[in-house]
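Residue strings, one per chain:
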Amino acid sequence: MRWVFVIILSLCVSYASEVSQIFDFWTNLFRPLPRNPKEGFVPDYTPKYLEQFDFIIIGAGSAGCVLANRLTEVHDWKVLVLEAGGNENFFSDVPIFAPFLSLTPLNWGYNSEPEQKACRDLRGNVCFMPRGKVLGGSSVLNFLIYQRGHPEDYNDWARMGNEGWSYSEILPYFKKSENIQINELKNSSYHGKGGYLDIDYASFSSPLQTAFKHAGEELGFEWNDPNGENVIGFSKPQATIRKGRRCSTSKAFLEPVRFRQNLKVSKYSTVMKILIDPYTKKAYGVDFVKGNKRRRVIARREVILSAGTIGSAQILMLSGVGPADHLTEMGIKTLADLPVGYNLQDHVTFSGNAFIVNDSKLCVNDLRAASPLAAAAYLAGKGPLTLPGGATGLAFARTSYAADLSEGRPDMELVMGAGSLAGDFLGILRSLLGITDKWYWKMYGSLPMEVRQRTFSMNPVLIRPRSVGRLMLRSANFSDHPRIHPNYFHHPDDLSALREGLRLVEKVISTKAFQRFATRIHNVPFPGCEHYKFDSDDYWECAIMQTSITLDHQVGTCKMGPSGDRTAVVSPRLLVHGVQGLRIADASIIPRIPASHTLAPVVMIAEKAADLIKEDWGRYPFL
């Protein structure tokens, strides 16, 4: 059966565009009627050659959908959105299926270059880097967690010379987009009501979540709102969920306005480059491919790049905006010499640990998730399938490596999962992480199937990394994926801090709250680390480098900074330095990665960008 799955998956990857369009066909036929009357399928539009628009948005992802909505509020602005993917589908609606989605054509399929200190025991010694190729972008692939970071993260941006980006100035944009559904938070001054993006808890809870809460209290942590006054503490994950289903930015922002006469969305449209006049240095259009045909559209006012940290940097460089020496090496004429692709930052997490309890009802493995009972509960918006990526608990804490941060700022996150890699009977998690069957059976083969069904995970996440990577072109061909060098653990403090995060996990598991369930770690050594004493510092550092993976929070490749900042690509108004009519609004502009899950800040960036555009073109913004 497993081989059948692998063969089907291989065909999906080989014929990604065709399979995606088949997904669109079947989704249109069989997707249940939307529970919200504002939801529905976005019509596909194919522009005429040289057709003109006021604004062309590249990418209908986490930011692009927000921009499409807000810019078409101005009725005499004609807006085109170019998206390389197609519709979401039935499976992408199911929150716990998030890991599976990265194995489908909804994912661009990026991989890092081989890493020296991370992903060492994964297939090809590379880190898989899923990015959304679908309406809604990575808000369709992510694990749905809505968490903004600490206020000082954004005050840091302002201190770097980015006027208008302090926490007090951007909090209204977080609240503008939000429609908080959690009763106890509806009157919070930190949350918004009536926005497009629903934020809620999963309806499913397990005794492990209660144990997590009590364990935090035993260790002196509050059970709190991590998007509120204090970030440090333990909590239930807030997620982009609407009545038990994923609420992507496409569902939230694009679908409700899909029939606006001034909005056109062209699906399956892969951008080749942005057209920039070499004399005036003004962006005036976009070349793209759709249906195996090269097409061109013209922008009367601006081209807005919202293709994400990887896509935006690649498209800029293909268009002649980037480091001159690198572009010359690729045979591309330099139109603006800017440090595109530098400043790549990401959150890295250690995966692979499994914790065993005394009752399988406490955990959720893939067999339980695939059961008829779970499916029936999901149809009512309940049950384990509503868990955001399987996450049941979040905690934010400080390690000893956070001494340079002000009080109250975390550098470590713990994510508790309802299941673990040991319970990955169908191989979906293995495929997502890049773990080989050989590694899996060597690690977990000694556990009987019954024991593997009663395991859960608790993974530390480094949310204040010091290591910085770089993205480079592989060639001048737009269809070639770029070369991604994350440089995980290049700074030695990152490895040490994550090891300390593992020690915090051990403290949590050792509390009375978890020992009530006889919780213990699966103590078979990680392959490749057997020569170290189990549970020693050296052992954990080895294990971290073997199977640590990205949390898919890549940011920073088109850094925001004032005109005097030689490391910056865009201004605080998100305009590309030295190029007219070209703006970037997505995670790539983030100058320093916040201690957050990145969907929330990306939506905020898009909300603020829309107002900046309206201001710059003499239209009163509606905050």
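Within an unreviewed UniProt entry, the label attached to the chain reads Glucose dehydrogenase [acceptor], and the organism entered is Papilio xuthus. UniProt's Sequence similarities (unreviewed entry) comment on the chain is quoted here verbatim: "Belongs to the GMC oxidoreductase family." On record in UniProt, under Cofactor (unreviewed entry), the comment for the chain is "FAD".

Undergrad: Help me get a handle on the state of the cysteines, residues and values and all.
TA: The final tally for this structure, using the stated rule, is two disulfides. The partner cysteine of Cys 119 in its disulfide is Cys 127, sulfur to sulfur 2.0 Å. Across the S-S bond of Cys 119 and Cys 127 the torsion is about 110°, and the bridge reads as right-handed. Just as Cys 119 is buried, Cys 127 falls in that class too. Disulfide pairing places Cys 529 opposite Cys 542 at an S-S distance of 2.1 Å. Disulfide Cys 529-Cys 542: torsion about the S-S bond near -90°, hence left-handed. Of this pair, Cys 529 sits in the loop between β23 (520–521) and α20 (537–547) while Cys 542 sits in helix α20, and the two are 13 residues apart along the sequence. By relative accessible area, Cys 529 is classed as buried at 0%. Accessibility expressed as a relative area gives 5% for Cys 542, which makes it buried.

Undergrad: So what's going on with the packing of aromatic side chains? Residues and values would help.
TA: Scanning all chains against the criterion turns up 24 aromatic pairs. An angle of 45° between the planes, with centres 5.1 Å apart, marks the rings of Phe 221 and Phe 234 as tilted. Of this pair, Phe 221 sits in the loop between α9 (207–218) and β7 (233–235) while Phe 234 sits in strand β7, and the two are 13 residues apart along the sequence. Look at Phe 221 and you get buried, because its relative accessible area is 19%. Here a set of aromatic residues connected by ring pairs shows up, and it is made of Phe 350, Trp 439, Tyr 440, Trp 441, Tyr 444, Phe 526, Phe 534, Tyr 539 and Trp 540. A cation over an aromatic ring shows up here: Lys 133 above the ring of Trp 108, its NZ or CZ 4.6 Å from the ring centre. Just above the ring of Tyr 440 sits the side chain of Arg 430; from NZ or CZ to the centre is 3.8 Å.

Parameters and conventions
Residues numbered from 1 in each chain as written. Predicted model: local features only at pLDDT ≥ 70, side-chain atom pairs only at ≥ 80, totals over all residues. Heavy atoms only, no water. UniProt positions renumbered as here; feature names shortened; annotations may be inferred. Disulfide = S-S within 2.5 Å. Buried < 20%, exposed > 50% of the residue type's maximum accessible area, 1.4 Å probe, protein only. Helix = DSSP H or I, 4+ residues; strand = E, 2+ residues; numbered from the N terminus. Phe/Tyr/Trp six-rings, centres within 6.5 Å; stacked < 30°, edge-to-face > 60°. Lys NZ or Arg CZ within 6 Å of the ring centre and 35° of its normal.

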